[in-house]
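Now for the letters of each chain:
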Amino acid sequence: MPDREPLPLHATPPAVTRPAAPTGRTSSADSFHALVGGEPTFRRLVGRFYELVATDDLLRPMYPEEDLGPAEDRLRTFLEQYWGGPTTYSDQRGHPRLRMRHAPYPVSPGARDRWLQHMRTALDELHLAPLPHATLWDYLERAAHAMVNTFDEGAR
Ligand code: HEM
């Protein structure tokens, strides 16, 4: 069966960005990415998130590399691209196909909730204005629900 993505996880949201150049985009001034503070904001979000993952007994063992730095870069560049920032993620990794890329890892509802718990902490610590905060949270919550690929909580 072809990889199905129930959410347009690979697309930039049309309401807040210009039409995206396929690759090589640096950033656009009127993007959501710029509105929330650009790269430094995403670095803080994802940096804090991975600090919490590093101490998590359920999530940490799922990450194959000893160094979480490269995984942090992949998630950050993906999120920056999604919200209208530079296209670094796709320039380096190609099409996101996130459901497919998560297939090797057992993303159970428990793992999803843990992921969301850390993301929520990291997001809250950014102290964004209510609307961008809600916009980001809504997306992250839906995306995390879409990533669940097993209901077996024991699968590892
Ligand atoms: C729901 C719980 C989730 C779990 C347990 C999880 C776990 C993982 C793991 C173990 C990896 C492999 C580490 C790596 O090589 O980067 C990974 C990769 C990745 N995840 Fe997740 N993830 C979750 C949700 C999400 C969500 C919601 C997003 C996007 C909004 C996301 C974006 C990514 C990206 C961009 C990569 C790197 C893909 C690549 O280019 O190889 N993940 N995730």
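Residues numbered from 1 in each chain as written. Predicted model: local features only at pLDDT ≥ 70, side-chain atom pairs only at ≥ 80, totals over all residues.

**Student:** Describe helix α3 (residues 69–82), with residues and values.
**Tutor:** Think of an α-helix as 3.6 residues a turn; residues three or four steps apart then line up on the same face. The end-to-end C-alpha separation of α3 is 20 Å, in line with the 20 Å expected for 14 residues at 1.5 Å each. Considered for burial, the residues of α3 that qualify are Arg76, Thr77, Phe78, Leu79, Glu80, Gln81 and Tyr82. Looking at the buried residues of α3, the elements they touch are α1 (32–35), α2 (39–54) and α4 (88–93). Just beyond α3, the residue with positive phi is Gly84, at close to 100°. (Helix = DSSP H or I, 4+ residues; strand = E, 2+ residues; numbered from the N terminus. Expected span 1.5 Å × (residues − 1). Buried ≥ 20, exposed ≤ 12 C-beta atoms within 10 Å, placed from the backbone. Contact = placed C-beta atoms within 7 Å.)

**Student:** Explain unusual backbone geometry to me, using residue names and the numbers behind them.
**Tutor:** Positive phi, close to 40°, is recorded for Arg97, a residue that is not glycine. Checked against the element boundaries, Arg97 lands in the loop between α4 and α5 (98–102). Accessibility expressed as a C-beta count within 10 Å gives 14 for Arg97, which makes it partly exposed. Phi at His127 is positive, roughly 50°, even though this residue is not glycine.

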